[in-house]
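Architecture and fold: a report
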6 protein chains.
Amino acid sequence: MNNLKIVGPAMPDMPWEDRPAGSKEVMWRYSANPIIPRDALSTSNSIFNSAVIPFKKGKYNYAGVFRCDDTNRRMRIHAAFSVDGIKWDICEEDFKLVGADPEIAEWVYGYDPRVAKIDDKYYVTWCNGYHGPTIGIAWTDDFETFHQLENAFIPFNRNGVLFPRKINGRFAMLSRPSDNGHTAFGDIFYSESPDMEFWGRHRHVMSPAAFEVSAWQCMKIGAGPVPIETSEGWLLLYHGVLRSCNGYVYAFGSALLDLDQPWKTIARSGPYLISPREIYELTGDVPNVTFPCAALHDPATGRVAVYYGCADTVTGLAFGYIPEIIDFTKKNNIL
Amino acid sequence: MNNLKIVGPAMPDMPWEDRPAGSKEVMWRYSANPIIPRDALSTSNSIFNSAVIPFKKGKYNYAGVFRCDDTNRRMRIHAAFSVDGIKWDICEEDFKLVGADPEIAEWVYGYDPRVAKIDDKYYVTWCNGYHGPTIGIAWTDDFETFHQLENAFIPFNRNGVLFPRKINGRFAMLSRPSDNGHTAFGDIFYSESPDMEFWGRHRHVMSPAAFEVSAWQCMKIGAGPVPIETSEGWLLLYHGVLRSCNGYVYAFGSALLDLDQPWKTIARSGPYLISPREIYELTGDVPNVTFPCAALHDPATGRVAVYYGCADTVTGLAFGYIPEIIDFTKKNNIL
Amino acid sequence: MNNLKIVGPAMPDMPWEDRPAGSKEVMWRYSANPIIPRDALSTSNSIFNSAVIPFKKGKYNYAGVFRCDDTNRRMRIHAAFSVDGIKWDICEEDFKLVGADPEIAEWVYGYDPRVAKIDDKYYVTWCNGYHGPTIGIAWTDDFETFHQLENAFIPFNRNGVLFPRKINGRFAMLSRPSDNGHTAFGDIFYSESPDMEFWGRHRHVMSPAAFEVSAWQCMKIGAGPVPIETSEGWLLLYHGVLRSCNGYVYAFGSALLDLDQPWKTIARSGPYLISPREIYELTGDVPNVTFPCAALHDPATGRVAVYYGCADTVTGLAFGYIPEIIDFTKKNNIL
Amino acid sequence: MNNLKIVGPAMPDMPWEDRPAGSKEVMWRYSANPIIPRDALSTSNSIFNSAVIPFKKGKYNYAGVFRCDDTNRRMRIHAAFSVDGIKWDICEEDFKLVGADPEIAEWVYGYDPRVAKIDDKYYVTWCNGYHGPTIGIAWTDDFETFHQLENAFIPFNRNGVLFPRKINGRFAMLSRPSDNGHTAFGDIFYSESPDMEFWGRHRHVMSPAAFEVSAWQCMKIGAGPVPIETSEGWLLLYHGVLRSCNGYVYAFGSALLDLDQPWKTIARSGPYLISPREIYELTGDVPNVTFPCAALHDPATGRVAVYYGCADTVTGLAFGYIPEIIDFTKKNNIL
Amino acid sequence: MNNLKIVGPAMPDMPWEDRPAGSKEVMWRYSANPIIPRDALSTSNSIFNSAVIPFKKGKYNYAGVFRCDDTNRRMRIHAAFSVDGIKWDICEEDFKLVGADPEIAEWVYGYDPRVAKIDDKYYVTWCNGYHGPTIGIAWTDDFETFHQLENAFIPFNRNGVLFPRKINGRFAMLSRPSDNGHTAFGDIFYSESPDMEFWGRHRHVMSPAAFEVSAWQCMKIGAGPVPIETSEGWLLLYHGVLRSCNGYVYAFGSALLDLDQPWKTIARSGPYLISPREIYELTGDVPNVTFPCAALHDPATGRVAVYYGCADTVTGLAFGYIPEIIDFTKKNNIL
Amino acid sequence: MNNLKIVGPAMPDMPWEDRPAGSKEVMWRYSANPIIPRDALSTSNSIFNSAVIPFKKGKYNYAGVFRCDDTNRRMRIHAAFSVDGIKWDICEEDFKLVGADPEIAEWVYGYDPRVAKIDDKYYVTWCNGYHGPTIGIAWTDDFETFHQLENAFIPFNRNGVLFPRKINGRFAMLSRPSDNGHTAFGDIFYSESPDMEFWGRHRHVMSPAAFEVSAWQCMKIGAGPVPIETSEGWLLLYHGVLRSCNGYVYAFGSALLDLDQPWKTIARSGPYLISPREIYELTGDVPNVTFPCAALHDPATGRVAVYYGCADTVTGLAFGYIPEIIDFTKKNNIL
């Protein structure tokens, strides 16, 4: 792993806390979790499943789009800014979309955003309500105005995650076809677009694992943060779901995807990296959920900080080293 | 709201605790919640979803009927008395019913009682097992002997709540038609009776809200405490249910009903007032339940204290001001 | 059975066909079934589950209310008249209701009517859509104008069937509490009303039978035609449902109810009288349905003619002798 | 309707049979139905849900792609040719696809084909198994070699139907997002593609109708034959599904879509055109199915012949006049 | 196949009808099907899923145990006798069991019998109700007295079928573990017993086939008649079930099992032999069922006659040649 | 109870903690619960539902087999040893099975072990994956090598628990027939075996209780620790399950079984002994589970220590006196 190359801008001041003494965990939780309380906004019921990215604006070094459910339990997305990536100033108003074709412009609901920088634009994808959940897309260059594009797919789809650069000359997206309820199945697919308007060349990436092999991911899986490019392949953190007699348990693990043909999986971890264990993950609006949506990383040190929703209620941080995660993925490969 | 008139006896010494400093919540929890532990009786598994009312008896100022599940997990109703409305002396024996027609007199199960004073009698309604859940009725004037009347409806019905006076010359009741399991639907209806024996003139009051409008009440709703009469209409606190992939979440909000035609809704809150957030609401026999069954209020100060079941396990108290709740309801009206 | 007394007007010319030679069936089908084709109306998809009664009007000797689903598959009720009870002239327009309280007057849907003569009025009951299925009521004295009364119950209810006279000084009705879909359970209840507006004194009559005892009625049951008064009790024909891996099968049998306390069952047949067997019962919009809604009988001869819906598509007739049916019920009693 | 213009090649010898004397039906069945027996092939279990189009080849005037399930009950597509459009010579071998990207080239299953001529190519679309059902596409110019293109969408999708010309400069398709079982929901969507490889600009066209308005189409709907262009709009025949307690019933009706913005519905029929009624529609591998997949029409006479699957077992023909169907659609419009 | 040896007694006069001219079917139906009407008994609703075996008694050459559901729809088993194997005299009384341990002796229900001759006794197995369905066993030597043994297994189990001789010195049985409803899964297992009292050495034989490979058997499978011993292995006819949106479809095919280790499958047919096609198979109490329970065969000619239940209502016969069926199984092997 | 005799070896140093002052509980929790953390192994996600038994080995006095799910959430069984029964040394490697017939030797999954000493061998039973869950059996005399025998039953079965001596000259086992998911039903059965290879003489022991009688055990029940022999009968601790709208709740109570005919129940407790109440029982991988698998007892003092899984995550201890538990069982008998 000495020669591992990690792509991305330097981020020496990214959020970080060392591995606790004595811990052998590949990823460890931030000791001050949750970093964002559920009522950070005057109208918020919960803030979780949110995405962040480096972005310089005045005093701020990071920007993001946050899932903020209000006390109607309506799902809304709010822009947010931060100096250190841990303490966040969230806009009281939800993000404003402009420019959509009138046929799809009406806001119904939106949740679980991700944000990717491709060339000089920041693209937000989210689960967008249009006669069922599908993947909404908008770009911004200031996190104030968001230019809405066409929905990527026909419903039903969730967890649309863009790659941070074009692949084979086209935009590339992971997503998870779904149905319109608490979907009990889910594979990850890969699709391409020449123009962010029309999508095709759909390829199957991964199915849930067999129960006997890796039970935490045996019912459905979905992409988490924007994949991280490395010389070993795209590092994908993804969530998996196990259904117990008392409901769904969301954990997350890792996979490596081929750089040029990302629908080909190089390795996939059997063990999870993080599974619900702390009281803020075990209890809340939806107990037993750890759901990653964004990651910051620093190529030089290999550090990665993962933002993940906890119990669909609050937001937590977990840390790790990319080389160790890649090593873990390959050593515990279930393919 | 200066001219708001609230109907009801003066209750200057009702349970109360001021809004915490810095809180902007319309209703706030009692800091000593839960007020009744689950094992207050030697045989009780849990005590919750209980109803109270002012009632002078010896040293006591309040009486009530309490849902006390025993360690067989059988659902029983017990009478209880209190000096201050917070500390309760619960009878070890469950309440004794007399006078029922033999055809319906056998006790099967009963739960979620409410109590209303109409003229000079105290009427208890509860979910009564008779070939399925229906609405049982009994009256008392001493909280020792309860005179059972006919069941109001054919099964399946739950959450029968009487108005505290006759309307249009007839007794009036809200209820929620159900099925015989963990009912996944539920509207509130209004019915009238000339004599507490025969019921009719059934009118539809409210359906669950649309998911995109107010998700906490999008699966089913049901009346909570006896409605409070005000010059703005009947103030109804009611529970709503959202189904996540991990089960039902019970929260509660408010509505204003027309004084003379209570099936006509004047306003209905989009945001909830209370939703599960504290550990005694998030965990217990049924996680994520806040379920209001009774309220005490003082017309002069506008204070209201709501008794609500927590996680189907213990009993909590929440406080607020009626004018503020009415204002909140109208400002957040989703009709 | 020599002394059996059957109540009702003489009907010497009622529809009739003798038992086929060699047949030992207690009830037998009319050889010219179905008597009403599915497209008897220019707009009808199907005509079935319909009720008839003796009524003199011009040349006609019988009147009725017919379930006629149109080619939108909307459920409608049409009045109809007949000289012989077999050939029917069905009004092209659906029956017109007047006089309902405006709150319930909007027509949503209505189906499976029954008609009973009580004193000098003809009361029609049907499954009436009002925020779910419930029991609608209207009376007529000319089968042209139908005066709508209050719905008898809160939803969800179906198969409301009136007794042909007051019992204990009150109107009396059988019904089957349901839910809002293809209900997989169903007991028969009995209710009383002093005025056809308010209903109460609800009593349980019968549950489905145990699978091992009488499987054709092991999932749900519901009253069929208006009960026939005899000195042995009320003779009730009722449908029962068995669920196979390929759906519901509707058959019908008989029971005797106490004359004064009709919720008390005197006898109940284990074998069915009619179960789907002919091609017009086995195939159609809903295969495997025989569903009785009305009966004509002649006290002197003991003859009874039962109108029953076939496969939710067409209407059939079956014949029998009341004394034999009562004898069959008692000899095969499963109580 | 005098000025109605119908687009399409002249087809004076298309299959035809006059409306039966006395019939008032808008569409009527061919008296010799079913036209193709289930065992026309030595290995076929059933032949149904098949598509045909005018195509001159030797003695043949029509070509088609036929759903032929074999006695393994595997779903296969076979090419077929006919002189008169009624008697068909079906190739014993299933259709051979060439040229697909290797990632998607493996055949899993395929069913319910449609065929559209756009410019000088014949495009076949079908429900194609690729990690769930999606829309497969291939073109041919000889009905011998079929050139497979990319799947149009991510699973789960069914009933992909192309328009017979580009709209707004792009290929246009109707489809119905589904799940991976006996889908209990289904709306029709519209999508565009510049190149038959990437698809986007997804628009919602129609949802199922309300139960009270048009029950035969209240659970799911899907496009049938390739839409027919007229001066009144695109004439779309589409199937709708009602779920009874004994399963799904498939009927079909008609709609008019805007010529330039086909996701805008001009009119939609409340009554069905054809619903299962004949024994070959009521019984078979899946009882109660009439499922249209193709239509031939002659602009001069306005005649249309619809090929529809019967009970998922055999193939039937129904006839009508386009002007009458358009008139029927507008007069019975439920929008 | 010239050297194929078939084990069993000579049966030159067994029921037989030659393959229809022009037919290429491996098995063909008897032209006089159904051979037993549903009302052959005065109390029978249906007679189907019945087992027969050569047995000389007076004028009779065949005996059997017949599933006869009565008009209570109670499932009962009746003994029957026949001269020619086609016309049957069925005992009016159901078969009488003696000798069972009192703990299991109470009759609850029993259905789908099979009969095997092992050494000099005739063993009947059936689905026996004992706190859920399990496998009942009894032996007889006169088809008048049946000596009941212990149930083979704990519930839930169905389709227990004995081999006609001991294997590895022990009795051997195929069965299908189930649940207590309309089981939606089902594999065939093999078990052994030294004494017909204790069972063990359970081995897995076959699972349902993949949907894409052989859909008629993709949901559950179960053994049919007693396996036929041949030099190629045990020839097993077995039923398979496909679930359409309109319910279960029961067809049957064939497999060859290893003679000494019958849990090892040598070959298994992809195509079915018989699937519902005739009106008496497509309609009845349970539409679309062809369910084989018994077979007669003549080693010299290779003829086999299969008795199969039709639509859970009547009994049919199908014929074939064992060498051809074995050939078919091997040529269409899906293993 | 003065003459109560309890069978078993003396265990004066068994784990123990006196009943807390003021407690009236029949069983009380250990104050230092949970005794085993979820990550006691480097690879463990959770350690629970584990069995222990007195066993002298070096410094150790107790041995056991522990359910240790790894971070793949694979279910594994590990041997463990302890000096005091509270602090455990768990082997890092899962237990190694030898000697199984090759047909069943492949390990798929195994969970919820029990261990019983019969004569001089220690028999482990567990839920063993073999084409569905069934009961695996192995014996050991050193807790290092485990000799695998035949599976006791055909799937689907769980909670197989051996009696600690032969009964009627045969090995005896309790088990619970299941299905292959989160089984929503479950009775306890009793079976015998002459040789631990073949099983039979299956008898029904107990069904779930009626909802109105003892709701905590109204959905399914299953045996817990190896039964304890006393002069009053076999003392059986067993779990019961209640299904709330938020999932399953596992509690446990007690029953007395006849010494010679253990399928005959002498007494059965209505109230539970332990039901989820502490945070380590209320939250975890499966909230609201207390699941007993083993017990240590000392005949002289009557003390019993029960090991039970908590929330499918950690292991807890609860204490009581056998005479008091027997007394409690008889006084609260629901039979």
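Residues numbered from 1 in each chain as written. Chains lettered and ligands numbered in written order. Predicted model: local features only at pLDDT ≥ 70, side-chain atom pairs only at ≥ 80, totals over all residues. Heavy atoms only, no water.

Let's talk about the overall build of chain A
Heads up, the rule is: By definition, any uninterrupted DSSP run of H or I lasting at least four residues is a helix, any uninterrupted run of E lasting at least two residues is a strand, and each is numbered from the N terminus. Note that the radius of gyration is over C-alpha atoms, with the globule rule given as 2.2 Å times the number of residues to the power 0.38. Burial classes: relative accessible area under 20% of the type maximum marks a residue as buried, over 50% as exposed, and values in between as partly exposed (1.4 Å probe, protein chains only).
Secondary structure summary: chain A contains two helices and 22 strands in total. Its C-alpha atoms give chain A a radius of gyration of 18 Å, near enough to 20 Å, the size a compact globule of 335 residues would have. Taken over the C-alpha atoms alone, chain A extends approximately 50 × 45 × 40 Å along its principal axes. When the 335 residues of chain A are sorted by exposure, 67% land in the buried category.

Quick notes on the relation of the copies chain E and chain D
Which entries qualify depends on this criterion: The copies are overlaid by a least-squares fit using only the C-alpha atoms of residues whose pLDDT is at least 70 in both copies. Whether two residues touch is decided by their heavy atoms; if any such pair falls within 4.5 Å, the residues are in contact.
Expressed as a screw transformation, the operator carrying chain E onto chain D has a rotation angle of 120° and an axial translation of 0.0 Å, and the superposed copies differ by an RMSD of 0.0 Å. One copy is carried onto the other by what is essentially a three-fold rotation axis. Taken together, the interface assignments show that only 17% of the residues at the interface of chain E recur at the interface of chain D, consistent with different surfaces on the two copies.

Examining the sheet that holds strand E20 (residues 290–298) of chain B
All names here are of chain B. Note the threshold: A strand pair is defined by DSSP finding two or more bridges across the two strands. Between the N-to-C directions of two axes lies an angle of 0 to 180 degrees, each axis being a line fitted to C-alpha atoms and, for a helix, fitted only over the stretch in contact.
Spatially, the four strands line up as an open sheet ordered E1-E22-E21-E20, and their pairing is antiparallel. What marks the edges here is a single partner per strand, and that holds for strand E1 (28–29) and E20. Together, E20, strand E21 (303–310) and strand E22 (314–321) form the strand contacts of helix H2 (residues 322–331), whose direction differs from that of E22 by roughly 85°.

Brief notes about helix H2 (residues 322–331) of chain C
Every α-helical turn comprises 3.6 residues, leaving residues that sit three or four positions apart pointing alike. Which entries qualify depends on this criterion: The directions considered for the arc are those from the helix axis to the C-beta atoms.
Within H2 of chain C the residues assigned to the buried category are Ile322, Ile325, Ile326, Phe328 and Thr329 of chain C. Projected down its long axis, H2 of chain C shows its buried positions confined to an angular sector of 160°, all on one face.

Points about the arrangement of the chains
Between chain B and chain E there is no contact, and the shortest C-alpha to C-alpha separation is 19 Å. In this structure chain D stays clear of chain F, and the shortest span between their C-alpha atoms is 19 Å.

Examining the relation of the copies chain A and chain D
Of the two same-sequence chains, chain A is brought onto chain D (RMSD 0.0 Å, axial shift 0.0 Å) by a rotation of 180°. Such a combination of rotation and displacement between the chain copies is what one expects of a two-fold axis. Same-surface contact between copies: 100% of interface residues of chain A are shared with the interface of chain D.

Things to note about the pattern of salt bridges
When charged atoms on two side chains of opposite charge get close, those side chains can pair. Defined as follows: Here, a salt bridge means any side-chain nitrogen of Lys or Arg that lies within 4 Å of a carboxyl oxygen of Asp or Glu.
Applying the stated criterion across every chain, the model contains 137 salt bridges over all chains. Here aspartate 101 of chain B and arginine 201 of chain C are joined by a salt bridge, their closest N and O atoms 3.0 Å apart. On the criterion of chain membership, the pair formed by aspartate 101 of chain B in the loop between strand E6 (96–98) and strand E7 (110–118) and arginine 201 of chain C in strand E14 (residues 198–206) is interchain, its members lying in two chains.

What to know about the interface of chain A and chain D
Defined as follows: Accessible area, probed at 1.4 Å, shrinks when two parts are joined; the buried area is that loss added up over both. The definition of a polar contact used here is a pair of N or O atoms within 3.5 Å, where within protein one atom must be able to donate a hydrogen and the other to accept one, and adjacent residues in sequence count solely through side-chain atom pairs.
In this complex, chain A contributes 35 residues to the contact, which on the side of chain D involves 35 residues. Taken together, the two surfaces of chain A and chain D that pack against each other cover about 2800 Å², and 60% of this comes from carbon and sulfur. Together, Ile154, Phe198 and His202 of chain A form the three largest contributors to the area buried by chain A at its contact with chain D, with a combined 24%. For the pair chain A and chain D, the number of links is twelve salt bridges. Between lysine 264 of chain D and glutamate 103 of chain A there is a salt bridge, and its shortest N-O distance comes to 3.6 Å. The interface formed by chain A and chain D contains 17 residue pairs in polar contact (both at pLDDT 80 or more). Broken down by secondary-structure element, the contributors of at least two residues to the side of chain A that touches chain D are strand E12 (171–177), strand E13 (188–193) and strand E14 (198–206) of chain A.

Observations concerning the confidence of the model for chain A
As a reminder of what qualifies: One number per residue, pLDDT, summarises how confident the predictor is, and it ranges from 0 to 100.
With 99% of its residues at a pLDDT of 70 or more, chain A has an overall mean of 97. Across the predicted assembly, pTM comes out at 0.96 and ipTM at 0.95.

Here we look at the sheet that holds strand E10 (residues 146–148) of chain F
Residues and elements named next belong to chain F. Taken in spatial order, the five strands of this open sheet run E6-E10-E9-E8-E7, and their pairing is mixed. Unpaired on one side and paired on the other, strand E6 (97–98) and strand E7 (110–118) mark the two borders of the sheet. Pairing geometry for E6 and E10, over two bridges, is parallel. Looking at the pairing, valine 98 lines up with histidine 147 of E10.

Observations concerning a nonpolar patch on the surface
Applicable threshold: Patch membership needs two things, relative accessible area over 30% and no salt bridge, and members are linked within 9 Å if like-charged or within 5 Å if nonpolar (Val, Leu, Ile, Met, Phe, Trp, Tyr). Each accessible area value is a Shrake-Rupley result obtained with a 1.4 Å probe; residue values ignore everything except the protein chains displayed when judging cover.
Taken together, the side chains of Ile279 of chain A, Ile279 of chain B together with Ile279 of chain F define a hydrophobic patch exposed on the protein surface, amounting to about 240 Å² of accessible area. With respect to the element layout, isoleucine 279 of chain B can be found in helix H1 (residues 279–282). Residue classification places isoleucine 279 of chain B among the partly exposed residues on the basis of a relative accessible area of 40%.

Thoughts on the packing of aromatic side chains
Put simply, the rule reads: Working definition: rings of Phe, Tyr and Trp (its six-membered ring) pair if their centres are within 6.5 Å, and the pair is stacked with planes under 30 degrees apart, edge-to-face with planes over 60 apart, and tilted otherwise. For a Lys NZ or an Arg CZ to count as sitting over a ring, it must be within 6 Å of the ring centre and within 35 degrees of the ring normal.
As enumerated under the stated definition, the model contains 162 aromatic pairs over all chains in all. An aromatic cluster is built from Phe55, Phe95, Trp107, Tyr122, Trp126, Phe143 and Phe146 of chain A, whose rings are joined through pairwise contacts. Over the ring of tryptophan 139 of chain B we find lysine 121 of chain B; its NZ or CZ atom is 4.2 Å from the centre of that ring. The ring of phenylalanine 171 of chain B carries the charged tip of lysine 166 of chain B above its face, separated from the ring centre by 4.7 Å.

Topic: the pairing of strand E7 (residues 110–118) of chain D
Regular strands have side chains that alternate between both faces of the sheet. All names here are of chain D. Counted residue by residue, E7 has eight buried out of nine residues, so it is predominantly covered. When E7 meets strand E8 (residues 121–129), the two strands line up antiparallel, connected through seven bridges. Among the inter-strand pairings, glycine 110 is bridged to a residue of E8, identified as asparagine 128. Where E7 folds back onto E8 in an antiparallel hairpin, the turn is made up of two residues, including aspartate 119, whose phi is positive at roughly 55°.

Section: the environment of alanine 51 of chain B
All names here are of chain B. Of note, alanine 51 is situated in strand E2 (residues 44–57). In this structure alanine 51 comes out as buried when scored by relative accessible area, which is 0%. The residues touching alanine 51, leaving out its near neighbours within four places in the chain, are Ala63, Gly64, Val65, Phe66, Pro113, Arg114, Val115, Cys293 and Ala294.

Points about unusual backbone geometry
Residue and element names in this part refer to chain A. Residue proline 34 is reached from asparagine 33 by a cis peptide bond, and omega for that bond is -10°. Topologically, proline 34 is positioned in the loop between strand E1 (28–29) and strand E2 (44–57). In the Ramachandran plot, arginine 201 falls in the positive-phi region, its phi being about 55° despite a non-glycine side chain.

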